[in-house]
Amino acid sequence: MTLVLFLSVLIGAILLGVPVAFALLLSSVGLMLHMHLFSVDILAQSLVNGVDSFPLLAIPFFMVAGETMSTGGLSRRIVRLAMAYVGHRKGGLGYVAILTSIVLAGLSGSAVADAAALVSIIYPMMREANYPQKRSVGLLAAGGIIAPVIPPSLPLIIMGVAGNISIAKLFLGGIVPGLIMGTALIGTWAFLLRNEKLETHEKAPKEERRTALKDGIWALILPLIIVGGIRFGIFTPTEAAVVAAVYAILVSALVYRELTLAKFYRVLLSSGRATAMVMFLVGAAMVASWLITVAQLPQQLAVMLGPLVDSPRLLMAAIMVLVLLVGMVMDLSPTILILVPLLMPVVKEAGIDPVYFGLMFVINTCIGLITPPVGTVLNVVCGVGKTRVQDAVGGVLPFIAVYVAVLILFILVPQLITVPLGWIAG
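A few points on the structure. Given the structure is predicted, the values throughout are model-derived calculations rather than measurements. In this numbering scheme, every chain counts its residues from 1 along its sequence in written order. The predicted origin of the model limits local features to residues at a pLDDT of at least 70 and limits the giving and counting of side-chain atom pairs to 80 or more, whereas totals for whole chains, interfaces and linings rest on all residues. Excluding hydrogens and water, the side-chain values take into account all heavy atoms of the structure.

### Structural notes on the overall build of the protein
In step 1: We count a stretch as a helix when DSSP gives it H or I for four or more residues in a row; a strand needs E for two or more, and each element gets its number in order from the N terminus. Scanning the protein from terminus to terminus reveals 22 helices and 0 strands.
In step 2: Atoms considered for the radius of gyration are the C-alpha atoms alone. The globule rule reads 2.2 Å times the number of residues to the power 0.38. Here the C-alpha radius of gyration of the protein, 22 Å, is about what a compact globule of 426 residues would show, namely 22 Å.
In step 3: For the protein, the C-alpha atoms occupy an extent of roughly 70 × 50 × 45 Å along the three principal directions.
In step 4: Partly exposed residues are those whose accessible area sits between 20% and 50% of the maximum for their type, while under 20% is buried and over 50% is exposed, using a 1.4 Å probe and protein chains only. Considering the protein as a whole, with its 426 residues, one finds that 54% of them fall into the buried category.
In step 5: Accessibility throughout is a Shrake-Rupley quantity obtained with a 1.4 Å probe, and a residue counts as covered only by protein chains that appear here. Total accessible area on the protein is roughly 18,000 Å²; 67% of this is exposed by carbon and sulfur atoms.

### Some words on the pattern of salt bridges
Pairing of side chains with opposite charge becomes possible as their charged atoms draw close.
In step 1: What counts as a salt bridge is simple: a side-chain nitrogen of Lys or Arg found within 4 Å of a carboxyl oxygen of Asp or Glu. Tallying each qualifying case throughout the model produces 6 salt bridges.
In step 2: R80 is paired through a salt bridge with D215; the nearest N and O atoms lie 3.3 Å apart. Linking R80 in helix α5 (residues 74-86) with D215 in helix α12 (residues 206-231), this pair joins segments that are 135 residues apart in sequence.
In step 3: R388 is the partner of D391 in a salt bridge, and the nearest nitrogen-oxygen pair spans 3.2 Å.

### Description of the packing of aromatic side chains
In step 1: Each aromatic pair joins two rings of Phe, Tyr and Trp (for Trp, the six-membered one) with centres within 6.5 Å, and gets the label stacked for planes under 30 degrees apart, edge-to-face for over 60, and tilted for any other angle. Per the counting criterion, the structure on display carries 4 aromatic pairs.
In step 2: Arranged with centres 6.3 Å apart and planes meeting at 10°, the rings of Y131 and W189 form a pair that is stacked. A residue pair is termed long-range when its members are at least 10 positions apart, and Y131 in the loop between α7 (111-128) and α8 (133-144) and W189 in helix α11 (residues 175-192) qualify at 58 residues. Across the pair, exposure class does not vary: Y131 and W189 are buried alike.
In step 3: Geometrically, the ring pair formed by F357 and F361 is edge-to-face, given 5.7 Å between the ring centres and 65° between the ring planes. Of this pair, F357 and F361 both sit in helix α19 (residues 354-368), 4 residues apart, which is roughly one turn of that helix.
In step 4: By relative accessible area, which is 0% here, F361 ends up buried.
In step 5: Criterion for a charge above a ring: Arg CZ or Lys NZ at most 6 Å from the ring centre, at most 35 degrees from the ring normal. Here the guanidinium or amino end of R77 rests over the ring plane of Y256, the centre of that ring lying 3.7 Å away.
In step 6: Across from the ring centre of F191, 3.9 Å away, lies the NZ or CZ of R194, which sits over that ring.

### Section: the side chain of S101
In step 1: Here S101 shows up in helix α6 (residues 92-105).
In step 2: Residue classification places S101 among the buried positions, given a relative accessible area of 1%.
In step 3: Here I98 takes part through its backbone oxygen, which lies 2.6 Å from a polar atom of the side chain of S101.
In step 4: Apart from residues no more than four positions distant in its own chain, S101 is found in contact with D114, L118, G143 and I146. Under this definition, polar contacts are N or O atom pairs within 3.5 Å; protein pairs additionally need one hydrogen-donor-capable and one acceptor-capable atom, and for neighbouring residues in sequence, both atoms have to be side-chain atoms. Here a residue-residue contact requires only that any non-hydrogen atoms of the pair lie within 4.5 Å.

### Comments concerning α8
In step 1: Here α8 contains 12 residues, and its C-alpha end-to-end distance of 17 Å stays within 8% of the 16 Å for a straight helix at 1.5 Å per residue.
In step 2: Judged by how many residues are buried, α8 sits mostly within the fold: 9 of 12 residues are covered.
In step 3: All of the buried residues in α8 are S136, V137, G138, L139, L140, A141, A142, G143 and G144.
In step 4: Residues of α8 that are buried make contact with α6, α7, α11, α20 (376-385) and α21 (389-412). For a helix, the expected span equals 1.5 Å multiplied by the number of residues minus one.

### A closer look at the environment of G306
In step 1: With respect to the helices and strands, G306 occurs in helix α16 (residues 306-309).
In step 2: On the basis of relative accessibility, which here comes to 29%, the residue G306 falls in the partly exposed class.
In step 3: For the pair formed by G306 and W423, sequence separation is 117 residues and the distance between their alpha carbons is 33 Å.

### Here's the deal with unusual backbone geometry
In step 1: For the bond from P151 to P152, the omega torsion is 0°, close enough to zero to count as cis.
In step 2: Residue placement: P152 occurs in the loop between α8 and α9 (154-163).
In step 3: Located in the positive-phi region is N164, a residue other than glycine, with phi close to 55°.
In step 4: By the element assignment, N164 lies in the loop between α9 and α10 (167-173).
In step 5: Owing to a relative accessible area of 68%, N164 belongs among the exposed residues under this scheme.

### Remarks on the environment of M63
In step 1: In this structure, M63 sits in helix α4 (residues 58-71).
In step 2: A relative accessible area of 15% places M63 in the buried class.
In step 3: Taking the C-alpha atoms as reference points, M63 and V51, separated by 12 residues in sequence, lie 16 Å from one another.
In step 4: Discounting residues that sit within four places of it in the chain, M63 has contacts with L154, S271, A274, T275 and V278.

Given below as structure tokens:
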């Protein structure tokens, strides 16, 4: 009864158009009234305590780092570097987009930011070269969602806080799955274009490639600093965010000389707004999470999923189907904040590695970013590229299918995630 009440209020509020953060607060109030625990003081205190977390400090700094990289010219130089090395191949602009998305994923951690950067820089070049419009938009959207998987990643930070999972292990564990996703995109793009007649560029001379590498090396160093610093215990993921922000500011202002005071003000303003929205959502979710625990909703869910607890792979498959369906109608962060507190006790009871579960959950919710009807990243790509969503859906479907196949592979062979994690973290 309690679980039904919580979900009914939450889903009903969302269907009525109430923002997710306020819908979470409404469902929390409903639970408090049902349990005769309602108190404005407790509600306010839980909301504040929900964001009083040291790991969450990483969010504003990674926001600043991502915005600075886009404004300060790092993203553009990564595209130029990829273009110099693979732009001459058949469908080369697609490979440029995929390689750029992988590198940008190691810089910003935001799917929306990466997808917008990819479209604004690469899509006009693809149109000029007469690439298939639908497939081009689909590829750029699919490339953008690699960002939340490869560190630094804002969703992995939220996952770590919501599920009480080591953020450092989530960061290190996301590297191999992200690279596998990129490799799957390369294979899919090559297969889709096998019969297309496309304009190809001349191979860049060695001098041009050296120049592009020299110019882009500053951007390539940052992921190495972040991953290396976390791996060898030099700094925590939260401290890594500060390092990333300071590094991006210094390189953009002193090396590339593209970050002016006026641009930096806009970077801080945009980052502040985005951080405020995320923090309020996290605070509201933490209120709901506390009440979920008090109401013993995880135990009720465990009873419902009891028959699957003895079969971890079957349980993971059932959870992934649920997450995929929810992710189609809800954005990434709310999905994590709502479902993880409910599912984590069941996952632990089944003996599933929390880091593996967290990575699988984030990969799954990333797929939801490019699936209709919500598809946040798909809508951003269409908006920036001035393309109708209806046209983009057909182009992105093959890439969604491949990502789902990768997800199934990770369910059947969890060692693809857990073994590399042991190598990297160990």
